[in-house]
Amino acid sequence: MSKQQKIYIAGHRGMVGSAIWRQLTAAGYTNLIGRSSAALDLRNQAAVKAFFDEEQPAVVIDAAARVGGIMANKTFPYQFLMENLQIQNNLIESAHMSDVDKFIFLGSSCIYPKMAPQPLEEAHLLTGPLEPTNEWYAIAKITGVKACEAIRQQFNKDFVSLMPTNLYGESDNFDLETSHVLPAMIRKFHDAKLAGQADVTLWGSGTPLREFLYVDDLAKAVVFALENRLPQHLYNVGTGTDLSIRELAETIQKIVGHTGRIIWDATKPDGTPRKLMDSSLLHEIGWKHEVELTEGIRHTYEWFLANQDKFKQVKL
Ligand SMILES: NC(=O)c1ccc[n+]([C@@H]2O[C@H](COP(=O)([O-])OP(=O)(O)OC[C@H]3O[C@@H](n4cnc5c(N)ncnc54)[C@H](OP(=O)(O)O)[C@@H]3O)[C@@H](O)[C@H]2O)c1
Ligand SMILES: C[C@@H]1O[C@H](OP(=O)(O)OP(=O)(O)OC[C@H]2O[C@@H](n3cnc4c(=O)[nH]c(N)nc43)[C@H](O)[C@@H]2O)[C@@H](O)[C@H](O)[C@@H]1O
């Protein structure tokens, strides 16, 4: 894989896209391109085609999507379905038509059935009903996985899908309404500490279990997939361990230094009870995570403290 080939990172400004840019740069790749959504709205099929005609990338990494936590998904099902279908379908079709040979699609662990056996294996895809709070996003992502599988099978192109578990790290979304749980907890405990150790209200019961992967470890999995022609079309990317939301809260509370009360708001949804993934397929061929949860949370909190003026307010 030439280090000078042109690699297009769709969504390069996001948490995942910026980590992929960081890790590709660290690996010596010198010809990376990206476009903000203001410069290139990936929902616009003609604009995407014109971009591919002009830039002719050799590789495409799709880290662009309408992304959010459980409440954002529950509140905006149409946008999470339609925008993600538009974005990924435009990228996949234009990549296929402009002879891109390497396409890395990013999905999510929510593509698996709500009550599939745990830990979730790639073979569990489409074997049962989805988690209702994010089934629209999941259906979009499943469509992307199947589109890449079809191109791989019918045209023998190296289109591969990676299914990360819940991710966190630098440049995460810390907006309390649209974010995922981990950045939301960092911000809530931090703000409450500054407010004299005020109470912190968290969502649901605290009983669901979640697996968390530090975003730079996911980015290294993307570099691994770029540098190897992987034998399967679909790979889980996780740590193989999970913890309860309550345990996560206690861990973050301690790292942030909050000593007030935690109140659980049962009017908010728990979502799927568990979605631990079996990532052994990828482990067996050479990728494994490096950053453990406590270390990753500490680093993310340090980034949050140093970037409070910059972190995203993602309004949907
Ligand atoms: N975060 C997680 O826990 C998680 C877990 C599993 C999988 N993933 C996957 O990882 C990928 C990125 O997630 P993320 O957490 O990095 O999200 P993010 O921080 O919100 O970044 C998403 C990026 O997509 C771009 N984008 C959105 N709509 C666009 C449009 N219409 N046209 C062009 N660009 C558009 C945004 O560009 P601008 O910044 O220029 O607006 C943004 O940089 C997604 O495919 C997601 O499904 C995320
Ligand atoms: C990776 C993502 O997983 C997402 O599911 P999912 O893990 O439940 O999404 P999260 O929003 O991270 O929620 C995880 C769990 O944390 C609880 N939680 C507790 N306090 C909070 C809080 O202050 N904010 C948030 N956001 N959650 C909180 C929430 O009720 C849920 O049980 C999918 O909706 C996405 O589509 C995507 O797949």
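Fair warning: this is a prediction, and the values are worked out from it, not measured in the lab.

Criteria and thresholds
- All chains use their own residue numbering, which begins from 1 and follows the written sequence.
- Following the order in which they are written, the chains are lettered starting with A and the ligands numbered starting with 1.
- Predicted model: local features are reported for residues with pLDDT of at least 70 only, side-chain atom pairs are reported and counted for 80 or more only, and whole-chain, interface and lining totals are derived from all residues.
- Think of the side-chain values as coming from all heavy atoms in the structure, minus any hydrogens and water.
- Near, as used in this document, describes a residue that has one of its heavy atoms within 4 Å of the molecule or strand being considered.
- Any pair of nitrogen or oxygen atoms within 3.5 Å is treated as a polar contact; in protein, a donor-acceptor pairing is required on top of that, and neighbouring residues in sequence qualify only through side-chain atoms on both sides.
- Only the protein chains shown count as cover for residues, and all accessible areas are computed by the Shrake-Rupley method using a 1.4 Å probe.
- Numbered from the N terminus, helices here are DSSP runs of H or I no shorter than four residues, and strands are runs of E no shorter than two.
- Residue polarity follows a fixed list, in which Ala, Val, Leu, Ile, Met, Phe, Trp, Tyr, Cys and Pro are nonpolar, Asp, Glu, Lys and Arg are charged, and the others, Gly among them, are polar.
- Paired strands, in this sense, are two strands between which DSSP finds at least two bridges.
- Any pair of residues with heavy atoms lying within 4.5 Å of one another is described as a contacting pair.
- Only C-alpha atoms enter the line fits that serve as axes; for helices the fit covers just the stretch in contact. Angles between N-to-C directions range over 0 to 180 degrees.
- Think of it in three bands: residues with accessible area under 20% of the maximum for their type are buried, residues over 50% are exposed, and the middle band is partly exposed, with areas taken using a 1.4 Å probe on protein chains only.
- UniProt positions are given in the numbering used here, feature names are shortened, and annotations may be inferred rather than shown by experiment.
- Note on scores: pLDDT gives the predictor's confidence for each residue, bounded by 0 and 100.
- For this analysis, a nonpolar core means a set of buried residues of the types Ala, Val, Leu, Ile, Met, Phe, Trp, Tyr and Cys, connected via side-chain atoms within 4.5 Å.

For the rest of this paragraph, the subject is the site of ligand 2. Lining the immediate surroundings of ligand 2 are 22 residues, of which I70, S108, K188, P269 and D270 lie closest. Contact between ligand 2 and N134: an oxygen atom at 3.3 Å from a side-chain N or O atom of the residue. In the environment of ligand 2, an oxygen atom lies 2.9 Å from a nitrogen or oxygen atom belonging to the side chain of K275. Protein chains shield 98% of the accessible area of ligand 2, which is 700 Å² for the free molecule. At the level of secondary structure, the elements contributing two or more residues to the shell around ligand 2 comprise α3 (70–75), α6 (181–194) and β7 (200–203). Among the elements that line the shell around ligand 2, the one with the most residues is α6, at three residues. Within the shell around ligand 2, the residues separate by chemical class into 10 nonpolar, eight polar and four charged.

The subject of this paragraph is the sheet that holds strand β10 (residues 234–237). Read from one edge to the other, the open sheet built from six strands follows the order β2-β1-β3-β4-β5-β10, with strand pairing classed as parallel. Strand pairing shows two members of the sheet lacking a second neighbour, β2 (32–33) and β10, which therefore form its edges. Against the sheet, helix α1 (residues 15–26) contacts β1 (7–10), β2, β3 (59–62) and β4 (102–106), and its axis sits at roughly 155 degrees relative to β1. The strands touched by helix α7 (residues 215–227) are β1, β3, β4, β5 (158–164) and β10; relative to β4, the strand with the most contacts, the crossing angle is about 155 degrees.

This part takes up unusual backbone geometry. Residue P119 follows Q118 across a cis peptide bond; omega there is -5 degrees. You can see P119 is positioned in the loop between β4 and α5 (135–155). The phi torsion at N156 lies on the positive side, around 55 degrees, for a residue other than glycine. Within the element layout of this structure, N156 appears in the loop between α5 and β5. The exposure class of N156 is exposed, given its relative accessible area of 58%. For S171, which is not glycine, the phi dihedral falls at a positive 65 degrees. Here S171 is to be found in the loop between β6 (166–168) and α6. For S171, a relative accessible area of 19% puts it in the buried group.

Within this numbering scheme, the UniProt entry marks Y137 as carrying the feature "active site" (unreviewed entry). Here Y137 lies in helix α5. A residue is classified by how much of its surface remains accessible, and Y137, at 11% relative accessible area, is buried. Leaving out residues up to four positions away in the same chain, Y137 has contacts with R66, N73, F80, N84, S108 and C110.

What follows covers the confidence of the model for the chain. Looking at the chain, the pLDDT average stands at 96 and 98% of residues meet or exceed 70. Across the interfaces of the predicted complex, the ipTM metric reaches 0.98, alongside a pTM of 0.97.

We now examine the nonpolar core. Ranked by internal contacts, the top residues of the largest apolar core, which has 36 residues, are Y8, L42, F52, L91, F103 and Y112. Per-element accounting of this core gives the leading share, six residues, to α5. When near neighbours in sequence (up to four residues on either side) are disregarded, L42 contacts Y8, A10, V48, A64, Q86, I87, N90 and L91. Residues I7, F224, Y235 and W287 belong to the second largest nonpolar core, which totals 32 residues.

The subject of this paragraph is the site of ligand 1. Taken together, 27 residues form the shell around ligand 1, and within it R13, V16, S37, Y137 and K141 come nearest. Within the side chain of R13, an N or O atom sits 2.6 Å from an oxygen atom of ligand 1. S37 is positioned with one of its side-chain polar atoms (N or O) 2.7 Å from an oxygen atom of ligand 1. For ligand 1, whose free accessible area comes to 890 Å², the fraction covered by protein is 89%. Those elements that place two or more of their residues in the shell around ligand 1 are α1, α5 and β6. Of the residues belonging to the shell around ligand 1, the class tally is 13 nonpolar, nine polar and five charged.

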